Amino acid sequence: MPLEGIYGRNEPMTLVTSATSAIKTAVLPVAGIGTRFLPATKAIPKEMLPIVDRPLIQYAIDEAVAAGISNFVFVVGSHNRSLLEAHFGSSPVLEKILKTRGKSQELELVTGTSKGITSINFVTQDEPLGLGHAVWCARDFINDGPFAVMLPDDLVQAEPGCMWQMVDAFNKYGGNIVAVEDVPRDQTNKYGILDVDEDDGRIASARGLVEKPNPEDAPSTLSVIGRYILGPEVLEHLERGEKGAGNEIQLTDAIATTIGRVDFRGLRFTGQRFDCGSKAGFVAANVAYALARSDIPDDFKVLLKSLV
Ligand code: UTP
């Protein structure tokens, strides 16, 4: 059986349309310590926690590959590099056992983790000083062109995928683009929030971006989720290492400093986002992805109904 794609299809969805683009590199910051998932994250990094039967990071990679991205930079801590290497690398002993036992479908699942990937580079963030700092750590691999940033704990169930939609928007508008969704006003203090200039319902041009504003100060309720397409200009600000909200080096602050020089837009993506950094979001994602899978029997739905 080929690798099952993120939408319960039989293959990772690779769309070759206008979204085949200039964006070839994605940075995946995974150096956080995942305190909200302790004790699970004591030994298993958050991005390796499974949704149904594959780790969160695999969904992000499949989404990126479907958008034409093939080079990846993992910003890791001291704890998780070897696990990521094991997941995306070859596994000769396991592969030999599966071959010997004639388990061709399982073998394809094992070898398919790296499908569509041209390169993975690892950089270490010695201390989790913030998302902005994590992205800055990847600077040597960014090559002076636009790049994507994806947070694997934001899982987006969408067709076409969220990154595909973003690349498509980037091809049209250029500039810095973030995926956005509306949040209840009393939750603006958890997110980066756009100060919107013009909004056609799908694309919001913004004149500002504020990290975690209090509800009464928030310029809108349009919040940034963990998908970005950014130009190298953001690195100029990150270079200075200035700390922002939560005493962390914030990516949103760096993006905000480029507004005026670089166009900045929010894309209201089509799809369902699950915040898998929170327990409720993680459990909901498992249910939603299980429901979308053809290989999980209908008994699951019956059980689910009986539970609620
Ligand atoms: P979070 O803010 O969810 O932090 O990071 P966390 O450490 O992973 O989890 P909690 O809040 O303690 O439960 C969002 C993403 O940014 C990465 C994380 O690994 C995660 O993918 N990140 C965050 C870094 O790589 N470095 C940082 O300094 C901060």
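Structure shown above.
We now turn to the structure provided with this report.

### A word on the overall build of the chain
When helices and strands are tallied, the chain shows 11 helices and 13 strands. At 19 Å, the chain has a C-alpha radius of gyration in line with the 19 Å of a compact globule built from 308 residues. Taken over the C-alpha atoms alone, the chain extends approximately 60 × 45 × 45 Å along its principal axes. Classification of the 308 residues of the chain by burial places 51% in the buried group. In the chain, of all internal contacts separated by at least 6 residues, the share reaching a separation of at least 24 is 76%. About 14,200 Å² of surface is accessible on the chain, with carbon and sulfur atoms providing 52% of the total.

### Observations concerning the site of the ligand
Near the ligand there are 16 residues, and of these Pro 29, Gly 32, Thr 35, Gln 125 and Gly 130 occur at the shortest range. Within the side chain of Thr 35, a nitrogen or oxygen atom sits 2.5 Å from an oxygen atom of the ligand. For the ligand, the protein covers 81% of the area, taking 570 Å² as the surface of the free molecule. Those elements that provide at least two residues to the shell around the ligand are β1 (25-30) and α6 (131-137).

### Describing the packing of helix α2 (residues 56-66) against helix α3 (residues 81-88)
Taken N-terminus to C-terminus, the directions of α2 and α3 make an angle of 55°; their axes are 11 Å apart at the nearest point. Here α2 lies oblique to α3, going by the angle between them. By crossing handedness, the relation of α2 to α3 is classed as right-handed. Residues Ile 57, Gln 58 and Ile 61 of α2 pack against Leu 84, His 87 and Phe 88 of α3. Looking at the contact of α2 with α3 residue by residue, the classes come out as four nonpolar, two polar and no charged.

### Side note on the pairing of strand β11 (residues 222-230)
The buried fraction of β11 amounts to nine of the nine residues, a majority that puts the element mostly inside the structure. In this structure, strand β6 (residues 147-150) lies alongside β11, joined through four bridges in antiparallel fashion. The residue bridging Ala 148 from the neighbouring strand is Ile 229, located in β11.

### Comments concerning the packing of aromatic side chains
Taken as a whole, this structure holds five aromatic pairs when the rule is applied. On the basis of an interplanar angle of 80° and a centroid distance of 5.6 Å, the ring pair of Phe 74 and Phe 122 is categorised as edge-to-face. Of this pair, Phe 74 sits in strand β4 (residues 71-76) while Phe 122 sits in strand β5 (residues 119-124), placing them 48 residues apart in sequence. For Phe 122, a relative accessible area of 16% puts it in the buried group. One aromatic cluster is present, formed by Tyr 59, Phe 274 and Tyr 289 through successive ring pairs. Just above the ring of Trp 136 sits the side chain of Arg 139; from NZ or CZ to the centre is 3.7 Å.

### Remarks on the pairing of β4
In terms of burial, β4 is a largely internal element, five of the six residues being buried. Across six bridges, β1 lies against β4 in parallel orientation. Bridge assignment links Val 30 to a residue of β4, and that residue is Val 76. Sheet topology note: the β4/β5 ladder contains six bridges and is parallel. Counterpart to Val 76 in the pairing with β5 is Thr 124.

### Structural notes on the environment of Tyr 289
Within the fold, Tyr 289 resides in helix α10 (residues 279-291). Considered as a pair, Tyr 289 and Asp 53 are 236 residues apart in the sequence and their alpha carbons are 9.8 Å apart. Of note is the side chain of Tyr 289, whose polar atom sits 3.5 Å from the backbone oxygen of Val 156.

What counts, and where the lines are drawn
- Residues numbered from 1 in each chain as written.
- Predicted model: local features only at pLDDT ≥ 70, side-chain atom pairs only at ≥ 80, totals over all residues.
- Heavy atoms only, no water.
- Helix = DSSP H or I, 4+ residues; strand = E, 2+ residues; numbered from the N terminus.
- Rg over C-alpha atoms; globule rule 2.2 N^0.38 Å.
- Buried < 20%, exposed > 50% of the residue type's maximum accessible area, 1.4 Å probe, protein only.
- Contact = heavy atoms within 4.5 Å.
- Areas by Shrake-Rupley, 256 points an atom, 1.4 Å probe, with all protein chains shown as cover.
- Near = heavy atom within 4 Å.
- Polar contact = N/O pair within 3.5 Å; in protein donor to acceptor, adjacent residues only side chain to side chain.
- Axes fitted to C-alpha atoms, helices over the stretch in contact; angles between N-to-C directions.
- Parallel < 35°, antiparallel > 145°, perpendicular 65-115°, else oblique.
- Left-handed = near helix turned anticlockwise from the far one by under 90°.
- Nonpolar A, V, L, I, M, F, W, Y, C, P; charged D, E, K, R; others polar.
- Pairing = 2+ DSSP bridges.
- Phe/Tyr/Trp six-rings, centres within 6.5 Å; stacked < 30°, edge-to-face > 60°.
- Lys NZ or Arg CZ within 6 Å of the ring centre and 35° of its normal.

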